[in-house]
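The primary structure of each chain is shown beneath.
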Amino acid sequence: MSGSGNNPYLAHLPADQQKTGSSTDPFKSMVPRKTTADQAEALENGATNPFTGRTFTAKYQKILEGRRKLPVHAQRNEFLEMIHNNQFVVLVGETGSGKTTQIPQFMVYDELPHLKGKQIACTQPRRVAAMSVAQRVADEMDVKLGEEVGYNIRFEDNTSPKTFLKYMTDGMLLREAMSDPKLSRYSAIILDEAHERTLNTDILMGLLKEVCRKRRDLQVIVMSATLDAGKFQKYFNEAPLLTVPGRTYPVEIFYTPEPERDYLEAAIRTVLQVHVSEPEGDILVFLTGEEEIEQACRKIEAEGDVLIRSHDAGPLKVVPLYSTLPPHAQQRIFDAAPPPRKKGGRPGRKVVVSTNIAETSLTIDGIVYVIDPGFAKQKVYNPRIRVESLLVSPISKASAQQRAGRAGRTRPGKSFRLYTESAFNKELIEQTYPEILRSNLGSVVLQLKKLGIDDLVHFDFMDPPAPETLMRALELLNYLGALDDDGELTPLGDIMAAFPLDPQLCKMLIESPKYKCSNEILSIAALLSVPQIFMRPNEARKQADEAKAEFAHADGDHLTLLNAYHAYKLNEDDPKWCWNHFLNQRSLKSADNVRRQLRRTMENNDLDLISTSFEDRNYYSNIRRALAAGYFMQVAHLERSGHYLTVKDNQLVQLHPSSCLDHKPEWVLYNEFVLTTRNYIRICTEIKMDWLIDIAPHYFDLSNFPNCEARRKLERIFNRRNRVEDDNKAKKRRT
Ligand code: ADP
Ligand code: MG
């Protein structure tokens, strides 16, 4: 084991402690590894922080007291023994038992990764959880976030060379594996929330099994909230299981006698009912997405005010929670309920209105009432028509149980299910299907190829994806030129894999220098990777639409986004300007950040950064061509009937109402297929079929084109081209 000589952490310590092996070396008793809980706790109880050398703060001491009461704490020794004797360990525990915050710290005190120049990673399926938990653990360890403890999510790396404990999204770890296939910088990897079975976690599990065969020193801990532990144990070579019994209280379940027609309205009504009729305790409401949540928060606040006046109800604090919320706003879910308005008055209540995040990823103490309308936004993929969409769909029984459990963390609680008992029994599926069975696998296949995994059919998936879905992914990557006809990664595919984006976006970026507009395409790619920049608050729709119209470009939404971004850059320092123009400054700022990072990847791959002169009449059409170079497989044709059909898949679609296109171009390229009660295409730009034929002749080839109006148009274009060619030949012969 190396000493402390070149270890930046110990440099903070008093001189006598810095000497390797000195009697006061706080880590001495721990070398070599294999500590006991007592030894680790002695360090935690000490006066100075062994990682920074600073005296522990009072805040630290206070949090420590609470941590010692968490259920996982009682099993620290058992846990340590297990990891000392096994490469894989599966840990299952009730949400809130301390898995996410404590287990990585148990590992840190045991592994001392920084002394070996290593790190410990704890993966999270959700960005919000990674950020929020990292902040909490930094507080718990009495260090500054981004230093010893950090987080890494797409386009945001809050770590430093000092970091030895890193919370990261599962996707980011997968990405790291592409440049470091043995994940050599880690001594331990904790896969958290494994029960969520996200696409990236599933791939990581397969990958880690491989890596662990080659790296016996790598420790893997798989953590999960709900049961099904047997499946994980079996998958990880009969790994041992540690079960953390939760401290939970009974939760009474209520169903509605009749199905609710409008779950949003029913949810709001139930919040208010609970508030006036139930004893003290906070409320957690599950809804499906940002817009719905913001809307519900406004309504609850407004109607709550009325109640307070008419019923003398206590004050309400309504807090939203969803993944695109900035970190400081997320933290509000941990605030206490408001105090009574006057001494002796009715107690206040906190209402958290959240997406699925609050189901397992973040634990909010003090929740006594859960309101569960039974829906969540879920990804669905139909390989036949190549459409992946986020769809509001019924949750599973397992989810409903998990949601109810949130009410019984501090005392007995109640869960109000806004559906009937018979719907629960007969209509809800048992478990949510793993994401890998519901996703477009384009990105994943590209990543796996880049990781050197060629034989996808025999890759050790926990649940293998449908063959048709894999075929579709291979086909997409082949059309984009990322894979050759033998399924091998091409040099282009190799560069594509360097970008943390969908394959189409990667292709568009890489091709953009050819169309002399890589600067503009970079901006567009960034804008497509951040939350919506145009705001449209309910109470000011008309003004918002007028403001947006100022940026509108006749050729479509991509160029409208670009116009808005350029205007923002001219007025950058002015939040008021953004506000007045109904632009979301946070999104624009984050687009700026994303753009910077993508630009770096472009530069690293020797892709030129150029623009067409703005005076050149091809300025905009060059950009549209570059869009088509990435998105030629996402095009719709205007039929004589006045409807759009997607090209090749013949799905009936409409321009999304948010589109700025004020006419119906014959050919449009779209960024996204939105599946709701109708099929919409969102973010659309007019293009020309002639461009597509030049850009992707292999795709727009009549031999593999279904019979439809678009095909007949295509035939006409080909005929015209042939005629022109013949004429030219004839002319040549004559001269
Ligand atoms: P698990 O991963 O088992 O669901 P966590 O480790 O996330 O549990 O949380 C354990 C406990 O730590 C929570 O129940 C809560 O009491 C506390 N906690 C976690 N995050 C925060 C936070 N940001 N603020 C205050 N308390 C927190
Ligand atoms: Mg957790």
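Residues numbered from 1 in each chain as written. Chains lettered and ligands numbered in written order. Predicted model: local features only at pLDDT ≥ 70, side-chain atom pairs only at ≥ 80, totals over all residues. Heavy atoms only, no water.

- In the nomenclature of an unreviewed UniProt entry, the chain is known as RNA helicase of Absidia glauca.
- What UniProt states about the chain under its Catalytic activity (unreviewed entry) heading is, verbatim, "ATP + H2O = ADP + phosphate + H(+)". (UniProt positions renumbered as here; feature names shortened; annotations may be inferred.)

## A word on the pattern of salt bridges
Part 1 of the reasoning: The tally for this structure, following the rule as stated, stands at 44 salt bridges.
Part 2 of the reasoning: A salt bridge links Glu 44 to Arg 68; the nearest nitrogen and oxygen atoms lie 2.6 Å apart. Residue Glu 44 is found in helix H2 (residues 37-45), and its partner Arg 68 is found in the loop between helix H3 (58-67) and helix H4 (76-85); the two are separated by 24 residues along the sequence.
Part 3 of the reasoning: For Glu 44, a relative accessible area of 1% gives the class buried.
Part 4 of the reasoning: For the salt bridge of Arg 624 with Asp 555, the shortest nitrogen-to-oxygen distance reads 3.1 Å. One end of the pair, Arg 624, is in helix H25 (residues 619-631); the other, Asp 555, is in the loop between helix H21 (541-549) and helix H22 (557-570), with 69 residues separating them in the sequence.
Part 5 of the reasoning: What makes Arg 624 buried here is its relative accessible area of 7%.
Part 6 of the reasoning: A relative accessible area of 18% means that Asp 555 is categorised as buried. (Salt bridge = Lys/Arg side-chain N within 4 Å of Asp/Glu carboxyl O. Helix = DSSP H or I, 4+ residues; strand = E, 2+ residues; numbered from the N terminus. Buried < 20%, exposed > 50% of the residue type's maximum accessible area, 1.4 Å probe, protein only.)

## Remarks on empty space enclosed by the protein
Part 1 of the reasoning: Counting across every chain of the model gives 3 cavities of 30 Å³ or more.
Part 2 of the reasoning: As a volume, the largest cavity reaches approximately 60 Å³.
Part 3 of the reasoning: Together, Asp 312, Ala 313, Gly 314, Pro 315, Pro 340, Arg 341, Lys 342, Gly 345 and Arg 346 line the largest cavity.
Part 4 of the reasoning: Classifying every residue of the lining of the largest cavity by side-chain character gives 3 nonpolar, 2 polar and 4 charged. (1 Å grid on protein atoms, 1.4 Å probe; cavity = no way out; pocket = protein on both sides within 12 Å on 5 of 7 lines; lining within 4 Å. Points joined across faces, edges and corners; volume = space filled by probe spheres on them. Nonpolar A, V, L, I, M, F, W, Y, C, P; charged D, E, K, R; others polar.)

## Focus on helix H11 (residues 290-311)
Part 1 of the reasoning: With 22 residues, H11 should reach 32 Å at 1.5 Å per residue; the first-to-last C-alpha distance of 30 Å fits that figure.
Part 2 of the reasoning: Buried positions along H11 lie against helix H10 (263-277), strand S11 (316-321) and strand S12 (349-354).
Part 3 of the reasoning: Once H11 ends, the next one or two residues include Asp 312, with phi positive near 55°. (Expected span 1.5 Å × (residues − 1). Contact = heavy atoms within 4.5 Å.)

## Thoughts on the layout of surface pockets
Part 1 of the reasoning: Here the second largest pocket is characterised by a volume of approximately 1100 Å³.
Part 2 of the reasoning: As for the second largest pocket, its lining consists of 47 residues, of which Arg 136, Phe 334, Thr 363, Asp 365 and Arg 409 are closest to the centre.
Part 3 of the reasoning: Listing elements by their share of the lining of the second largest pocket, those giving two or more residues are H3, helix H5 (99-111) and helix H6 (127-141).
Part 4 of the reasoning: Looking at the lining of the second largest pocket, the element that brings in the most residues is H6, giving 6 residues.
Part 5 of the reasoning: Each residue belonging to the lining of the second largest pocket can be placed in one class, and the counts come to 12 nonpolar, 18 polar and 17 charged.

## Thoughts on the sheet that holds strand S17 (residues 635-638)
Part 1 of the reasoning: With mixed pairing, the 5 strands of this closed barrel are ordered in space as S17-S18-S19-S21-S20. The sheet shows a mean angle of 50° between the axes of neighbouring strands, direction not considered.
Part 2 of the reasoning: Two strands pair when backbone bridges link them, and strand S18 (residues 644-646) and strand S19 (residues 652-655) are joined in this way by 2 bridges, in the antiparallel orientation. Residue pairing for S19: Leu 645 is matched across the bridge by Leu 652.
Part 3 of the reasoning: In the packing of H22 onto the sheet, the strands contacted are strand S20 (667-675) and strand S21 (679-686), and the crossing angle to S21 comes to about 65°. (Pairing = 2+ DSSP bridges. Axes fitted to C-alpha atoms, helices over the stretch in contact; angles between N-to-C directions.)

## Overview of helix H8 (residues 199-214)
Part 1 of the reasoning: With 16 residues, H8 should reach 22 Å at 1.5 Å per residue; the first-to-last C-alpha distance of 24 Å fits that figure.
Part 2 of the reasoning: Among the 16 residues that make up H8, 12 are buried, leaving the element largely enclosed by the rest of the structure.
Part 3 of the reasoning: Burial in H8 covers these residues: Leu 199, Thr 201, Asp 202, Ile 203, Leu 204, Met 205, Gly 206, Leu 207, Leu 208, Lys 209, Val 211 and Cys 212.

## Let's talk about the site of ligand 1
Part 1 of the reasoning: Close to ligand 1 lie 14 residues; Gly 96, Thr 100, Thr 101, Asp 365 and Arg 409 are nearest.
Part 2 of the reasoning: Between ligand 1 and Lys 99, the relevant distance is 2.8 Å, taken from an oxygen atom to a main-chain nitrogen or oxygen of the residue.
Part 3 of the reasoning: Of the pockets mapped on this structure, ligand 1 occupies the second largest pocket.
Part 4 of the reasoning: When residues of the shell around ligand 1 are assigned to their parent elements, the largest contribution, 3 residues, is made by H5.
Part 5 of the reasoning: The class makeup of the residues in the shell around ligand 1 is 2 nonpolar, 7 polar and 5 charged. (Near = heavy atom within 4 Å. Polar contact = N/O pair within 3.5 Å; in protein donor to acceptor, adjacent residues only side chain to side chain. Sits in = over half its atoms within 2 Å of the grid points.)

## Re the sheet that holds strand S10 (residues 282-286)
Part 1 of the reasoning: With parallel pairing, 6 strands are arranged side by side in an open sheet as S9-S16-S13-S10-S12-S11. Here the strands that pair on one side only, and so sit at the sheet edges, are strand S9 (251-255) and S11. If you compare each strand with its neighbour and ignore which way they point, the axes differ by 20° on average.
Part 2 of the reasoning: Here H11 sits on the sheet and contacts S11 and S12; the angle it forms with S11, its principal contact strand, is near 175°.

## Details of a positive patch on the surface
Part 1 of the reasoning: A contiguous patch of positive charge on the surface is contributed by Lys 729, Lys 731, Arg 733 and Arg 734.
Part 2 of the reasoning: Mapped onto the fold, Arg 734 is located in helix H27 (residues 709-734). (Patch = residues over 30% accessible without salt bridge, like charges linked within 9 Å, V, L, I, M, F, W, Y side chains within 5 Å. Areas by Shrake-Rupley, 256 points an atom, 1.4 Å probe, with all protein chains shown as cover. Lys, Arg positive; Asp, Glu negative; His and termini not counted. Charge placed at Lys NZ, Arg CZ, Asp CG, Glu CD.)

## Brief notes about a nonpolar patch on the surface
Part 1 of the reasoning: Taken together, Ile 429, Tyr 433 and Leu 437 make up a surface patch of nonpolar side chains, about 280 Å² in accessible area.
Part 2 of the reasoning: Relative to the helices and strands, Tyr 433 resides in the loop between helix H15 (421-427) and helix H16 (442-450).

## What to know about the packing of aromatic side chains
Part 1 of the reasoning: Enumeration according to the criterion identifies 21 aromatic pairs in this entry.
Part 2 of the reasoning: Relative to Phe 236, the ring of Phe 88 has its centre 4.9 Å away and its plane inclined at 40°; by these criteria the two rings are tilted. Separated by 148 residues along the polypeptide, Phe 88 in strand S1 (residues 88-93) and Phe 236 in the loop between helix H9 (229-235) and strand S8 (241-244) bring together distant segments of the chain.
Part 3 of the reasoning: Residues Tyr 255 and Phe 424 carry aromatic rings whose centres are separated by 6.0 Å and whose planes lie at 55° to one another, so their mutual orientation is tilted. Of this pair, Tyr 255 sits in strand S9 while Phe 424 sits in helix H15; the two residues are 169 residues apart in sequence, bridging distant segments of the chain.
Part 4 of the reasoning: For Phe 424, a relative accessible area of 7% puts it in the buried group.
Part 5 of the reasoning: Ring pairing ties together the aromatic residues Tyr 479, Phe 632, Tyr 699, Phe 700 and Phe 705, which thus form one cluster.
Part 6 of the reasoning: Above the face of the Phe 534 ring, Lys 548 is positioned so that its terminal group lies 4.8 Å from the ring centre.
Part 7 of the reasoning: A cation over an aromatic ring shows up here: Lys 648 above the ring of Tyr 699, its NZ or CZ 3.8 Å from the ring centre. (Phe/Tyr/Trp six-rings, centres within 6.5 Å; stacked < 30°, edge-to-face > 60°. Lys NZ or Arg CZ within 6 Å of the ring centre and 35° of its normal.)

## A short note on the environment of Phe 375
Part 1 of the reasoning: Structurally, the position occupied by Phe 375 is in strand S14 (residues 375-382).
Part 2 of the reasoning: Expressed as a C-alpha distance, the spacing of Phe 375 and Glu 435, which sit 60 residues apart in the sequence, is 16 Å.
Part 3 of the reasoning: With residues up to four places along the chain from it excluded, the contact list for Phe 375 reads Tyr 263, Thr 288, Val 392, Ser 393, Pro 394, Ile 395 and Arg 403.

## Concerning a negative patch on the surface
Part 1 of the reasoning: Taken together, the side chains of Asp 454, Asp 455, Asp 485, Asp 486 and Glu 488 define an acidic patch exposed on the protein surface.
Part 2 of the reasoning: For Asp 486, the location among the structural elements is in the loop between helix H17 (467-480) and helix H18 (491-496).
Part 3 of the reasoning: Its relative accessible area of 68% is what places Asp 486 among the exposed residues.

## Here's the deal with the pairing of S14
Part 1 of the reasoning: Direction of pairing for S14 relative to strand S15 (residues 387-394): antiparallel, over a ladder of 8 bridges. In the sheet register, Tyr 381 faces S15, and the bridge partner there is Glu 388.
Part 2 of the reasoning: Between the end of S14 and the start of S15, which pair antiparallel, lie 4 residues, with Arg 386 showing a positive phi angle near 55°.

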